[in-house]
Amino acid sequence: MVLETEVAIVGAGAAGLSLAHRLSRPVPGTRTPSVVLVDAPPGPMRPPRRTWCFWEAGAGRFDAALTTAWRHLRVRPPSGAAVEGDIAPLRYKMIRSDDFEHLVAHDLAASRAVRRLEATVGAVEDVRGGAHVHLRDADGRPGVLRARWVFDSRPPGSLPAARTTLLQHFHGWFVRTARPVFDPRTAELMDFRTPQPAEGLSFGYLLPVSRREALVEYTEFSPRPLSAGDYGTAVRQYAEEVLRLGELQVLSTETGVIPMTDAPMPRQVGASVFRIGAAGGATRPSTGYTFAGIQRQTGAVAAALRRGRRPVPPPAHSARSRAMDAVLLRALDSGRADGPALFSHLFARVPMRDLLLFLDGRTRLHEDLAVGLRTPVGPMLRSALELPRLPRRPFDQDP
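Please read these numbers as outputs of a predicted model, since none were measured by experiment.

Novice: Break down the overall build of the chain for me, citing the residues and quoting the values.
Specialist: When helices and strands are tallied, the chain shows nine helices and 16 strands. A compact globule built from 399 residues should have a C-alpha radius of gyration of about 21 Å, and the chain, at 22 Å, falls within 12% of that. Pairs at least 24 residues apart make up 75% of the contacts formed inside the chain by residues separated by at least 6 positions. For the chain, the exposed surface amounts to about 18,400 Å²; the carbon and sulfur share of it is 52%.

Novice: Now, about the pairing of strand β1 (residues 2-10): what can you tell me, with residues and values included?
Specialist: Here β1 runs beside strand β10 (residues 142-152); their pairing, made up of eight bridges, is parallel. Residue pairing for β10: Val10 is matched across the bridge by Asp152. Sheet topology places β1 next to strand β2 (residues 35-39); four bridges connect them, and they run parallel. In the strand pairing of β2, Val7 is matched with Val35. The parallel pair β1 and β2 is bridged by helix α1 (residues 14-22), and the resulting crossover is right-handed.

Novice: Summarise the pairing of β2; cite the residues concerned and give the values.
Specialist: In terms of residue burial, β2 counts as a mostly covered element, since five of its five residues are buried. The sheet contact formed by β2 and strand β8 (residues 114-127) spans five bridges and is parallel. Paired with Val36 across the two strands is Arg115, which belongs to β8.

Novice: An account of the sheet that holds strand β4 (residues 66-70) is needed here, citing residue identities and associated values.
Specialist: Spatial strand order, β3-β7-β4: three strands in an open sheet with antiparallel pairing. The sheet terminates laterally at β3 (51-57) and β4, the two strands that pair on one side only. Each adjacent strand pair in this sheet contributes to an overall mean axis angle of 25°, direction not counted. As paired elements, β4 and strand β7 (residues 90-96) share four bridges and run antiparallel to each other. The residue of β7 that forms the bridge with Trp70 is Tyr92.

Novice: Please give an account of the sheet that holds strand β11 (residues 165-177) that cites residues and values.
Specialist: Reading across from one edge, β6-β5-β12-β13-β14-β11-β15 is the order of the seven strands in this open sheet, with mixed pairing throughout. Either end of the sheet is taken by a strand with one partner, and the two such strands are β6 (83-86) and β15 (248-261). Strand-to-strand twist across the sheet, computed as the mean angle between neighbouring axes with direction ignored, equals 15°. Examined bridge by bridge, strand β5 (residues 72-76) and β6 share four bridges and lie antiparallel to one another.

Novice: Give me the lowdown on the packing of aromatic side chains, citing residues and values where you can.
Specialist: Enumeration over the complete set of coordinates arrives at 14 aromatic pairs. Ring centres 4.8 Å apart and planes at 25° place the aromatic pair Phe54 and Phe291 in the stacked group. Of this pair, Phe54 sits in strand β3 while Phe291 is found in helix α4 (residues 291-306), placing the two residues 237 residues apart along the sequence. Considered together, Phe54 and Phe291 belong to a single accessibility category, that of buried residues. Ring centres of Phe151 and Phe274 lie 5.4 Å apart, and the angle between their planes is 25°; this geometry places the pair in the stacked category. Of this pair, Phe151 sits in strand β10 while Phe274 sits in strand β16 (residues 273-275); the two residues are 123 residues apart in sequence, bridging distant segments of the chain.

Novice: Can you break down the pattern of salt bridges residue by residue, with the values?
Specialist: The tally for this structure, following the rule as stated, stands at 31 salt bridges. Between Arg25 and Asp107 there is a salt bridge, with the nearest N and O atoms lying 3.5 Å from each other. Remark: Asp107 occurs in helix α2 (residues 97-109) and Arg25 occurs in the loop between α1 and β2; sequence separation between them is 82 residues. Here the residues in one salt-bridge network are Asp39, Arg46, Arg116 and Glu118, joined through shared partners.

Novice: Lay out unusual backbone geometry in plain terms, naming residues and giving numbers.
Specialist: In this chain, Ala88 is followed by Pro89 through a cis amide linkage whose omega measures 10°. Mapped onto the elements of the fold, Pro89 is located in the loop between β6 and β7. Positive phi outside glycine occurs at Arg244, with the angle close to 55°. Along the chain, Arg244 falls in the loop between α3 (228-242) and β15.

Novice: Explain the nonpolar core residue by residue, including any values.
Specialist: Most often, soluble globular proteins have nonpolar side chains that are buried together. By size, the foremost hydrophobic cluster in this structure holds 44 residues, and its most contacted members are Leu73, Tyr92, Leu189, Met190, Leu207, Phe343 and Phe347. In this structure Leu207 touches Cys53, Trp70, Tyr92, Met94, Ala187, Ala214 and Leu215, once residues within four positions along its chain are discounted. One finds Ala15, Leu23, Phe274 and Ala302 within the second-largest nonpolar core, a separate group that totals 34 residues.

Novice: Run through helix α9 (residues 377-386), naming residues and quoting values.
Specialist: Three or more residues of α9 are buried, namely Pro379, Met380, Ser383 and Glu386. End-on, the buried residues of α9 take up no more than an arc of 130°, which puts them together on one face. Close packing links the buried residues of α9 with α5 (319-334) and α6 (339-349).

About the thresholds
- Residues numbered from 1 in each chain as written.
- Predicted model: local features only at pLDDT ≥ 70, side-chain atom pairs only at ≥ 80, totals over all residues.
- Heavy atoms only, no water.
- Helix = DSSP H or I, 4+ residues; strand = E, 2+ residues; numbered from the N terminus.
- Rg over C-alpha atoms; globule rule 2.2 N^0.38 Å.
- Contact = heavy atoms within 4.5 Å.
- Areas by Shrake-Rupley, 256 points an atom, 1.4 Å probe, with all protein chains shown as cover.
- Pairing = 2+ DSSP bridges.
- Right-handed = clockwise from strand over helix to strand, strands pointing away.
- Buried < 20%, exposed > 50% of the residue type's maximum accessible area, 1.4 Å probe, protein only.
- Axes fitted to C-alpha atoms, helices over the stretch in contact; angles between N-to-C directions.
- Phe/Tyr/Trp six-rings, centres within 6.5 Å; stacked < 30°, edge-to-face > 60°.
- Salt bridge = Lys/Arg side-chain N within 4 Å of Asp/Glu carboxyl O.
- Core = buried A, V, L, I, M, F, W, Y, C linked by side-chain atoms within 4.5 Å.
- Arc of directions from axis to C-beta.

Remember that the coordinates give geometry; whether it matters functionally is a separate question.
Okay, here's the thing in structure tokens:
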């Protein structure tokens, strides 16, 4: 089997689907390249079901697939009063991967530009004038997809060497309670009333969909993930002892691990081969949020392809943002900064809307400095001075 296309997209997760969606319809005044989206067959190679959250003002590209959205957010310190804020005109939006995939699949089915192919991808090889994607179809037969440009969204086999790497790992339950206990108007971003680990920090995350249904999640920033049993214990403790939800039914679960690293993530790995999504640096190192970065990155790639330009994916986050993230990660990993205290203080001193814009990299230098001055300056300064002397090492998550 030999196929040809201008653009090959490997992987049908958030990044691959987003790029295919942007290229699926003609745009007046530009050209529409041919696209093959290669999706792994059902099984372990496919991305697990996920929930993505992001914030934006007004209507968005994928609003039809949203589970819900909030304009009121809450952060709870380890003790004392909660911090609450209205983020208007922003909305904190929640989209589940199944709903996102259904929306995108509907639009791709009507597209003449995009073809979907179910196959397992092996090597991606640079050749003169393009690249070859070596694959096997659902029956195990080998084939080659010839493309001018390849965009690979698969997770890398290993993380690049870094000065600091933490993992954001989490386990969540979608629950239905026996009584109406949730406030569907307010999402809780960080609830630090959870037991804190020996290394790093932990918090609860609560996204209410109705008075009786919500995503209840336990999250850690730490060097290593937990066992399945420990995750279950942590979520149960948060639901029962902290939130006191009472009788509930677990409708579904989700688990994930997101690297938070100051390693440079290569976006170009061949003359015609690029990485997009988390593999291409779309994840914000200090927060783990990825969906908004994916949209910025794939939007720029699609615009370049339509105009016949070299479609190198741009950095999803500015150099200044990445530098500040490197300092924060080092301060947390070294233990110089108390994570729950730092984040609680930030949300208490900076309006939530302004802080969300900062976390999305949409603030100016003087606004970044104003946020930085509300962090523990001594630990941050020591971490910043230390970073240039630190070697970059491969990540090892073994104890």
